[in-house]
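# Fold and contact review
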Amino acid sequence: MSDELNPAVPDSATAEGPEAEAEETVKQRKNGLYPGVSDELAENMRSGWADTELRDLEPIAQAAETAGRRAALSARFPGERLVIPAGNLKTRSNDTEYPFRASVEYAYLTGNQTEDGVLVLEPVGEGHEATLYLLPRSDRESGEFWLSGQGELWVGRRHSLTESAALYGIPAADVRELADKLREATGPVRVVRGHDAGIEAALTDKVTAERDEELRVFLSEMRLVKDEFEIGELQKAVDSTVRGFEDVVKVLDKAEATSERYIEGTFFLRARVEGNDVGYGSICAAGPHACTLHWVRNDGPVRSGDLLLLDAGVETHTLYTADVTRTLPVGGTYSEIQKKIYDAVYEAQEAGIAAVQPGAKYRDFHDAAQRVLAEKLVEWGLVEGPVERVLELGLQRRWTLHGTGHMLGMDVHDCAAARTETYVDGTLEPGMVLTVEPGLYFQADDLTVPEEYRGIGVRIEDDILVTEDGNRNLSAGLPRRSDEVEAWMAALKG
């Protein structure tokens, strides 16, 4: 990375005029090698550039869907101004930022993913007029495009406001003018909090936490049922994830020679080549690390004879993520005790998937899977029955630990702000997508189980679409049954 990020402002910059605005945007790096910019260089940089405006742009693929979502939002909050920010860049260290990911609410309603964007729905008559507030292309007159760390020559070209309006089907305006407009606004306002402190500050005397939470909850519940575009994107995410798992199996020997990091890096390559990123931190847990539910350090050894619990998902360019887990024998074959535990989890998952039906209670798949696991634990003598007592007291949770699944979409744990009565206590409907992921985890230091169990963790997770007549396993491209897993691994290793 060049060390001249945020160099000096032009010598001609004064306390007044456009240059003063540039001075606020373009900051001198303390130890930059250039102390300033001559008037001659500044003038030279203003001219001699070709017209690169993009014309005849087609709307994004989901433009019709995002328009329908905005219409539903408008109908829910008539007469109120609604403000949905994308968010801002976050500093990783000093002058480097984390990769930007737009807020789910903003991306869901617009399809746009650029930092600092804000969607505003202004009440008009019985509905709303939407405006997409964005940063315009970086200014050449002030020198921002080459002097600012976020200028075009440093981080790449932004779409012009005209281009953005064509792409997203929403009139676009300069976001730098929005805060003042919001300060002067009258009437009821709601904002999605937690993404843009500047926008929230401009609305501080106009909003309430309770009303803003109602907006956030509604937007979360809108995503419970996926439309056809979303289902297609989730299938893309899963298909790429399947290929990522295949990539990992092919290089397990290299992981044995290095560490879990080789597995993480291998899957990440697939995610970046075919999608936007990983949808969450990949869990590449070998040996006893499989008993740590969210093991993302991925710095441990990979040994033949151990199990590898790989929980990973590709995120598409439209921000929909898969979430799949397989527990694989590093050497290609399960030991007798590993197979016993794996097959129990597989049986529990089969029961859970079978319970995913339209009209069923959301909790049914969890209860079905937990019953099977409790039965196995009683059968193995690890907990005293009967099974009804174990389930009533939750005694199986020492080894099952977590819930059996969650909604899936633009967030790996999607729709998290939805009301309990519409989510966990709700009813499954066609178009919902959820994970089914039972597991058994016997900690390495658990003295309540025989030594042969200790350090073994197994989870099997698939992404399930609720259909009109049952369900569809979006991740069926990956084998689940233990003998099928072994045959699949043998074929890949070749």
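Cut-offs applied
- Residues numbered from 1 in each chain as written.
- Predicted model: local features only at pLDDT ≥ 70, side-chain atom pairs only at ≥ 80, totals over all residues.
- Heavy atoms only, no water.
- UniProt positions renumbered as here; feature names shortened; annotations may be inferred.
- Buried < 20%, exposed > 50% of the residue type's maximum accessible area, 1.4 Å probe, protein only.
- Helix = DSSP H or I, 4+ residues; strand = E, 2+ residues; numbered from the N terminus.
- Pairing = 2+ DSSP bridges.
- Axes fitted to C-alpha atoms, helices over the stretch in contact; angles between N-to-C directions.
- Contact = heavy atoms within 4.5 Å.
- Arc of directions from axis to C-beta.
- Disulfide = S-S within 2.5 Å.
- Core = buried A, V, L, I, M, F, W, Y, C linked by side-chain atoms within 4.5 Å.
- Parallel < 35°, antiparallel > 145°, perpendicular 65-115°, else oblique.
- Left-handed = near helix turned anticlockwise from the far one by under 90°.
- Phe/Tyr/Trp six-rings, centres within 6.5 Å; stacked < 30°, edge-to-face > 60°.

Looking at an unreviewed UniProt entry, one finds the protein named Xaa-Pro aminopeptidase, with Streptomyces capoamus as its source organism. According to the UniProt record, the Cofactor (unreviewed entry) comment for the protein reads "Mn(2+)". Under Catalytic activity (unreviewed entry), UniProt gives the following word-for-word description of the protein: "Release of any N-terminal amino acid, including proline, that is linked to proline, even from a dipeptide or tripeptide."

### Examining the pairing of strand β15 (residues 456-459)
One face of the sheet, then the other: side chains in a regular strand alternate in exactly this way. Side chains I456 and V458 of β15 all project onto a buried face; the interleaved residues G457 and R459 project onto the opposite face, where all are buried too. Here 4 bridges tie strand β14 (residues 439-442) to β15, and the two strands are oriented antiparallel to one another. Pairing of L440 across the sheet is with V458, part of β15.

### Some remarks on the sheet that holds strand β7 (residues 189-191)
On the basis of which strands lie adjacent, the open sheet formed by 5 strands has the order β6-β5-β4-β1-β7 and mixed pairing. The sheet is open, and its two borders are formed by β6 (172-174) and β7, each paired with just one other strand. Pairwise comparison of adjacent strand axes, ignoring direction, gives a mean angle of 25° for this sheet. Inspection of the sheet shows strand β5 (residues 127-134) paired to β6 by 3 bridges, in the parallel sense. Bridge pairing in β6 links L134 to D174. Running at roughly 150° to β6, helix α7 (residues 161-168) makes contact with β5 and β6 of the sheet. Lying on the sheet, helix α10 (residues 209-222) is in contact with β1 (81-85) and β7; it crosses β7 at an angle near 55°.

### Description of α7
Those residues of α7 lying buried are L161, E163, S164, L167 and Y168. The buried residues of α7 occupy an angular sector of 155° when projected down its axis, which confines them to one face. Packing partners of the buried residues in α7 comprise α3 (63-76), α4 (104-110), β5 and β6. Positive phi shows up at G169, right after α7, with a value of about 70°.

### Here we look at the state of the cysteines
This model, assessed by the stated rule, comprises 0 disulfides. With no disulfide partner, C284 has as its closest neighbouring cysteine sulfur the one in C291, 16 Å distant.

### Thoughts on the UniProt feature "domain: Aminopeptidase P N-terminal" (unreviewed entry) in the protein
As annotated by UniProt and renumbered to match this structure, "domain: Aminopeptidase P N-terminal" (unreviewed entry) occupies residues 61-200. Secondary structure across residues 61-200 divides into 34% helix and 22% strand, with the first and last C-alpha atoms of the span separated by 31 Å.

### What to know about the nonpolar core
Residues L73, I84, I263, I341, W380, L440 and F442 are the most contacted members of the largest nonpolar core, which totals 92 residues. For this core, the element with the highest residue contribution is helix α11 (residues 228-250), accounting for 8 residues. The next biggest cluster of nonpolar side chains, apart from the first, holds 17 residues, and it includes A418, L428, L434 and V436.

### Notes on the packing of α11 against helix α18 (residues 482-493)
Their axes nearest at 9 Å, the elements α11 and α18 cross at an angle of 70°. In terms of their interaxial angle, α11 and α18 are classed as roughly perpendicular. At the point where α11 passes α18, the crossing takes the right-handed sense. Only W488, M489, L492 and K493 of α18 make contact with α11, whose side of the interface consists of F245, E246, V249 and K250.

### Considering the packing of aromatic side chains
The full count for this structure, using the stated rule, is 8 aromatic pairs. Arranged with centres 5.3 Å apart and planes meeting at 85°, the rings of Y362 and Y423 form a pair that is edge-to-face. Placement of Y362 in the loop between α14 (336-354) and α15 (364-379) and of Y423 in the loop between α17 (397-400) and β13 (433-436) is noted, with a sequence separation of 61 residues between them. In this structure, Y362 and Y423 share a single accessibility class: buried. With a centroid separation of 5.9 Å and an interplanar angle of 50°, the aromatic rings of W380 and Y453 are classed as tilted. Placement of the pair is W380 in the loop between α15 and α16 (387-393) and Y453 in the loop between β14 and β15, with a sequence separation of 73 residues. In this structure Y453 comes out as buried when scored by relative accessible area, which is 3%.

### Quick notes on the sheet that holds strand β12 (residues 324-329)
Pairing in this open sheet of 3 strands is antiparallel, and the strands run β9-β10-β12 from one edge to the other. Looking at which strands have only one partner, the edges of the open sheet turn out to be β9 (283-286) and β12. Shown here is a sheet whose adjacent strand axes are inclined to one another by a mean of 10°, direction ignored. Pairing analysis gives 4 bridges linking β9 to strand β10 (residues 307-312), with the strands arranged antiparallel. Counted as the bridge partner of A285 is L309 from β10. Packing of helix α13 (residues 260-274) onto the sheet brings it into contact with β9 and β10, and relative to β9 it is tilted by some 150°.

### Let's talk about the pairing of β10
Of all 6 residues in β10, 6 are buried, a share of seventy percent or more. Side-chain alternation along β10 places L307, L309 and D311 on one buried face and L308, L310 and A312 on a second face that is also buried. Here β10 runs beside β12; their pairing, made up of 6 bridges, is antiparallel. Each residue of the ladder has a partner; that of L310, found in β12, is R326.

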